[in-house]
Amino acid sequence: MKFKMYLLVSLFFVAIASFAQKKSLNVDDFDNWKQIEKAQLSENGTYLVYEYNPGNGDGMLVVVDVKTKASDTIPRGYDAQINGKSTFVSFKIKPEIAVRRKAETKKLKKEKLPVDSLGIYVFKTREIKKYPNLNSFSQPIEGGEWLAYKTILKTVKTKDSAGADKKVKAKNDTLVVVYNPIHKDSVAFLNIKSFSWSKKADKLLLHSEKKKDSLTASALLYFDAGTKKTDTIFNSKGTITKIAIEDKGEKLGFLFSSDTTKIKKYKLYKGTKSELTELKTNSIKNLPENWNYSDKGNLFFSENGKRLFFGNALFEGEKRKDTLLNKERATLDIWAWTDKELQPEQIVNSKKEQNRTYQAVYDFSSGKAVQLANKAIPDVRVLSNGDGNFVLGADDESYKRASSWNALAIKDFYKIDVNTGEQNLLIKEQEQIWFGGSQKYAVYYNRKDSIYYAINLKTNQQKPLTKGTNVVWYDERNDQPNEPSPYGIAGWDEGDKSVYIYDRYDIWKFDPESKIQPKRITKSGR
């Protein structure tokens, strides 16, 4: 008995001693805690690239050959992009954290802060190339073996006849280098303001700009990496902005203004490199009076290249110059209980509202343009990569005021015909709706009865999907003073034949027409 007691006491003290040896976590441990981020696999499945970063400090980019298990690390590498042919990966390289910390503590001006470098790693040879003073870089997502990077050429001091430094006004020029790291080919372009690759071809659109006094000369260049030929497709006195090129590199669009004033009235040009035409605003169906193209919106093509989307807004022109002194100017924030947004919300959203644009589209096949969004339905989301017949419109104006106390982000949702601009109300007072990829059906979770419904987008007829399933489709563990959110949908079958919906444990398959019984497709969720 004594031996047993002795053994128990001994084990007790051994356990205490081993527990005491374990180190407790502190703040410094979180700085050293490393994690894998932004992992990506090459298109051919051979190379794995990921960031390995501490909580604070210099991380690294890791490149792994999946077949041979060979790996390389690039200190401070991040934001990697593997090219479409799986031959190289390009990335940014940060300055060392000690250098960045020193610059920030000295509160240097932006132009004097240390900048990133460009890194290129060639998979086959494991060769690493580095280029300093990086401004930006990009490459075709599914293209060949080219990339483009923008760098800043800083002014070099020169000597006069006496050997003293000349007083030269600092002037930094932008240089864009289009480079093939596999074949070592390169082409350089000066004075480039912006550039954009087509996603599926080695075609590059570049916007150059030169300023002299109050005049600006702009040009649009088209570079074909396959032939290494550059064409100037537009050249004029004025300002170009928002350049866009479609996935195959055949169509393009941009905004242009010849105005020299700060507030510019833009024109929209669209077409091919051999034929560009202006889209007149008076040809846009449903465009409100005094609206014009806005440089605050995005210009982009649908995936099939048949449509060009752009933003419009009310053109107000130059505002009258304020001649008041600061002491003569009164600044007031006036709040009323009738406001639809709380005062802090209004302040935060004021810039967003000033820059708001309203979605419109041009169809190359029909040659027609349609205004899709307006003041009544301001928010429009382009679906199916712009190839579908509908876009999704949303309006929360009726529910803004109540949201300050009920915390509900509810809206009225509309389907908007891309070809005609016709707007049809689908549902009211709901939080979300999901369109199928083929746009035959849409599904939404009704917050009032906790049931998912399918909508036939051709007839607008609704059918309950989850009614009578005896399954909870919302977060039943919600312990906050607001409505529980649904678990959402996992996706759709091709052709919208089925929709997959989550519960807490499983995924269920539903027929949007409710002709086939729901089926639980996961086996071990519960």
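Residues numbered from 1 in each chain as written. Predicted model: local features only at pLDDT ≥ 70, side-chain atom pairs only at ≥ 80, totals over all residues. Heavy atoms only, no water.

Trainee: How should the packing of aromatic side chains be read in this particular structure?
Mentor: How two aromatic rings sit relative to each other is set out by the distance from centre to centre and by the angle between their planes. The tally for this structure, following the rule as stated, stands at 22 aromatic pairs. Ring geometry for F234 against F256: centres 5.1 Å apart, planes inclined by 70 degrees, an arrangement best described as edge-to-face. Of this pair, F234 sits in strand 16 (residues 229-237) while F256 sits in strand 18 (residues 251-257); the two residues are 22 residues apart in sequence, bridging distant segments of the chain. Cluster of aromatic residues (ring-pair linked, three or more members): W434, Y445, Y452, W473, W508 and F510. If you follow K94 out to its NZ or CZ, it ends over the ring of Y78, 4.8 Å from the centre. The side chain of K251 reaches across the aromatic face of F364, ending 5.4 Å from its centre. (Phe/Tyr/Trp six-rings, centres within 6.5 Å; stacked < 30°, edge-to-face > 60°. Helix = DSSP H or I, 4+ residues; strand = E, 2+ residues; numbered from the N terminus. Lys NZ or Arg CZ within 6 Å of the ring centre and 35° of its normal.)

Trainee: Which parts of the structure should I look at to understand the nonpolar core?
Mentor: Inside soluble globular proteins, nonpolar side chains tend to come together where they are buried. Among the nonpolar cores identified, the biggest contains 28 residues, and L268, L279, Y293, F310, L372 and I416 are the most heavily contacted of them. When contributions to this core are tallied by element, the ones reaching two or more residues are strand 22 (291-293), strand 24 (307-314), strand 25 (358-363), strand 26 (368-371) and strand 29 (411-417). Looking at this core, the element that brings in the most residues is strand 25, giving four residues. In this view, L372 contacts F309, Q359, A360, V361, V380, V391, I416, D417, V418, G421 and Q423; residues no more than four positions away in its chain are not counted. (Core = buried A, V, L, I, M, F, W, Y, C linked by side-chain atoms within 4.5 Å. Buried < 20%, exposed > 50% of the residue type's maximum accessible area, 1.4 Å probe, protein only. Contact = heavy atoms within 4.5 Å.)

Trainee: Would you take a moment to explain the pattern of salt bridges for this structure?
Mentor: A side chain of one charge can pair with a side chain of the opposite charge when the charged atoms of the two come close. Applying the stated criterion across every chain, the model contains 23 salt bridges. K463 is the salt-bridge partner of E513, the closest N and O atoms lying 2.9 Å from each other. With E513 in the loop between strand 37 (507-510) and strand 38 (519-520) and K463 in strand 34 (residues 462-464), the pair connects residues that are 50 residues apart, well separated along the chain. Ionic pairing is found between E476 and R504, a salt bridge with its closest N-O pair at 4.0 Å. (Salt bridge = Lys/Arg side-chain N within 4 Å of Asp/Glu carboxyl O.)

Trainee: Help me understand the sheet that holds strand 15 (residues 215-224), please; the structure alone is not making it clear to me.
Mentor: For sheets, the rule is that strands pair by backbone hydrogen bonds, running either parallel or antiparallel. The four strands are arranged 13-14-15-16 in an open sheet whose pairing can be described as antiparallel. Among the strands making up the open sheet, the edge pair consists of strand 13 (192-197) and strand 16. Put simply, the sheet's adjacent strands are angled 15 degrees from each other on average, direction ignored. Relative to strand 14 (residues 203-212), strand 13 runs antiparallel, the two being bridged by five bridges. (Pairing = 2+ DSSP bridges. Axes fitted to C-alpha atoms, helices over the stretch in contact; angles between N-to-C directions.)

Nothing here speaks to function; it is geometry throughout.
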